[in-house]
Amino acid sequence: MKTLRYLWLFLLVFVTGLMPVYADNTETGGEKGKVDVQEIVFGHISDSYEWHILTYGDTHVSVPLPIIVYSSNTGWHAFLSSNLAHGQEYEGFYIAETGDYAGKVVEKDAQGNEVRPLDISITKTAFSLMINSLILVLIIVGVSRWYKNRKPSSEAPKGFVGFMEMFVMMIHDDVIVSCVGKEYKRFAPYLLTAFFFIFINNLMGLIPIFPGGGNVTGNIAITLFLALMTFLAVNIFGTKEYWKEIFWPDVPTWLKVPVPFMPVIELFGIFTKPFALTVRLFANIMAGHAIILSLVSIIFITASLGVVLNTSMTIISVLFSVFMSCLEVLVAFIQAYVFTMLSAVFIGLAQVHHEHK
Amino acid sequence: MSLLNPDIGVFFWMLVSFIIVFFILAKFGFPALVNMVNERKQYIDESLKSAREANEKLSHIKEESESILVEARKEQAKILKEAMETRTQIINEAKEKAQSEGGRLLEEARKQIQKEKDDAIRDIRKQVAELSVEVAEKVLRKQLSSEVEQNGMIERLLDEVSDSKK
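Residues numbered from 1 in each chain as written. Chains lettered and ligands numbered in written order. Predicted model: local features only at pLDDT ≥ 70, side-chain atom pairs only at ≥ 80, totals over all residues.

**Regarding the overall build of chain A**
- When helices and strands are counted, chain A shows nine helices and eight strands.
- Counting only C-alpha atoms and orienting by the principal axes, one finds that chain A spans roughly 75 × 75 × 50 Å. (Helix = DSSP H or I, 4+ residues; strand = E, 2+ residues; numbered from the N terminus.)

**Remarks on the nonpolar core**
Residue and element names in this part refer to chain A.
- Residues Ile176, Phe187, Leu191 and Phe195 are the most contacted members of the largest nonpolar core, which totals 76 residues.
- The residue makeup of this core includes at least three contributed by each of domain 1 (66-119) and domain 2 (124-349).
- For leucine 191, the contacting residues outside a window of four places in its chain are Ile176, Thr340, Ser343 and Ala344. (Core = buried A, V, L, I, M, F, W, Y, C linked by C-beta atoms within 7 Å. Buried ≥ 20, exposed ≤ 12 C-beta atoms within 10 Å, placed from the backbone. Domains from an automatic or database assignment. Contact = placed C-beta atoms within 7 Å.)

**Observations concerning the pairing of strand β4 (residues 75-80) of chain A**
- Note: strand β3 (residues 66-71) of chain A against β4(A), six bridges, orientation antiparallel. If you follow A:Pro66 over to β4(A), its bridge partner there is A:Leu80. (Pairing = 2+ DSSP bridges.)

**Focus on the sheet that holds strand β6 (residues 105-108) of chain A**
Residues and elements named next belong to chain A.
- Strands sit in the order β5-β6-β7 across an open sheet of three strands; the sheet is antiparallel. Two strands close off the open sheet at either side, each with one partner strand: β5 (93-95) and β7 (114-115).
- In terms of strand pairing, β5 meets β6 through three bridges, oriented antiparallel. Along β6, the bridge assignment pairs tyrosine 94 with valine 106.

**Some details on the interface of chain B and chain A**
- Taken together, the 32 residues of chain B in the interface contact 40 residues of chain A.
- The class makeup of the residues in the side of chain B that touches chain A is 25 nonpolar, four polar and three charged. (Nonpolar A, V, L, I, M, F, W, Y, C, P; charged D, E, K, R; others polar.)

**Examining the confidence of the model for chain B**
- Per-residue confidence for chain B averages 89 on the pLDDT scale, and 98% of its residues sit at or above 70.
- Reported confidences for the modelled complex are a pTM of 0.74 and an ipTM of 0.83. (pLDDT = per-residue confidence, 0-100.)

**Details of the sheet that holds β4(A)**
- Pairing in this open sheet of three strands is antiparallel, and the strands run β4-β3-β8 (chain A) from one edge to the other. Edge strands, defined here as strands with exactly one partner in the open sheet, are β4 and β8 (118-119) of chain A.

**A word on the pairing of strand β2 (residues 59-64) of chain A**
Residues and elements named next belong to chain A.
- Where strand β1 (residues 50-56) lies against β2, six bridges are found, and the strand directions are antiparallel. By the bridge assignment for β2, threonine 55 is matched with histidine 60.
- Count of turn residues in the β1/β2 antiparallel hairpin: two residues, of which glycine 57 carries a positive phi of about 65°.

**Looking at unusual backbone geometry**
Residues and elements named next belong to chain A.
- The backbone phi angle of asparagine 149 is positive, close to 55°, even though this residue is not glycine.
- Summarising the element assignment, asparagine 149 is placed in the loop between α3 (124-145) and α4 (159-180).
- A tally of 7 C-beta atoms within 10 Å means that asparagine 149 is categorised as exposed.

**Thoughts on the packing of helix α5 (residues 184-206) of chain A against helix α1 (residues 8-143) of chain B**
- Where α5(A) contacts α1(B), the axes come no closer than 9 Å and their chain directions differ by 110°. Classified by the interaxial angle, the pair formed by α5(A) and α1(B) is roughly perpendicular. Here α5(A) runs over α1(B); the crossing is right-handed. Only B:Phe18, B:Val21, B:Phe22, B:Leu25, B:Ala26, B:Phe30, B:Pro31 and B:Val34 of α1(B) make contact with α5(A), whose side of the interface consists of A:Ala188, A:Pro189, A:Tyr190, A:Leu192, A:Thr193 and A:Phe197.
- Here the residues of the contact of α5(A) with α1(B) are counted per class, giving 13 nonpolar, one polar and no charged. (Axes fitted to C-alpha atoms, helices over the stretch in contact; angles between N-to-C directions. Parallel < 35°, antiparallel > 145°, perpendicular 65-115°, else oblique. Left-handed = near helix turned anticlockwise from the far one by under 90°.)

**Quick notes on the environment of A:Lys244**
- Checked against the element boundaries, A:Lys244 lands in helix α7 (residues 240-247).
- Note: C-alpha distance between A:Lys244 and A:Pro263 (19 residues apart in sequence) is 9.7 Å.

Encoded structure:
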């Protein structure tokens, strides 16, 4: 019975493997049928002004998003991105196709040059960021509502609340308390928020359709902001001893007096730490998205190479995509964990007290 | 590459979203959970401690009750012994008293009897004396019924008196 089911599954994969070929043939074939993988992958990874869901034939189904720009000539503008679709111009703004600002909203200044206005549009990344933030707030506040009107003597929670309690306490006890040290109470809310913020955004990025699928934590502005928060937490709350160790570290005097080697290195270290945080999270998540998309694209690339090759590659691609998606779930957790742990470690290192020596 | 250029718009919305999320979660989210877990931990620790103390107290009480029982048994035995002693003592005393009382009564009875006897003897003597006087009277009256005899008597008596005067 079980073997029969596997056989059916195999047949199904085989048949679905044939389908792209069919679709490819019925379309226009030739030049237009060629798949531009780079465009697919980068189109997904980079930001966009509308949320493209699917294309069926010539119909594009996408969610229009608000564009908010401030032009130094004409002031504030806010309109829907559907006004700019297919290269249209609206209120003097259009999406540049080429040049330095390719894919961004631009306008022409008095000299006729393309200039970029101050652009705080709610792009796809910003929009999915908001959706994910809302989900995060709903989950955590919903869970914490359970604790209202309950005493420490009442029973421990079960089900989802129990799971979240275990999850939160794992991060709190194993990462925050053990890495930050005794001053952990001040930093725990930020670190917990950072962890769950990154984690939920990572996970939502793995869901392929709206409202998931946004490449939020794979956007460098997002990771830069998070790293900046850690940078501020480290340096604003750093103790006097922390600054002393940077400008007057415990090394032989010749390393710091005529030419301040160590202070320069230490000072450099202040900025490399958040930079490393930024790039690590950004690169990992972006790469994950790129790999999954590339694997899926294999199906469409091999469509022109014959049925047998295409089918076998489809099977391989699906298997690899499943594997990669599973791996990405792991990565989603690991990267959130690593970011939180490193932030906690950096904060802990800035909380130097005399008795530690 | 545009991927590596942080976009100001996304950065701005990230700032807004993250700050809002952070304040909501820091105020209403995590502290409630973390505090509750810590309080629960404390509560469990305290409960365990008090349970251990109660257990100790219980075993202590058991020991104490056993010792009290042993003491009570001892006391009981002691009281019983004392009671027995008192009983025998009382009995002995009573016996002694009864004996002495009996002896006293006997003595008294004997004395009474003696007295009665003496009285009776005295009475008898008196009676005998009276009777003998009466008999002597009667004999005398009979002997002195004639003048001669009376004179003879007087004579004799006088003789006797004179004899005794000599």
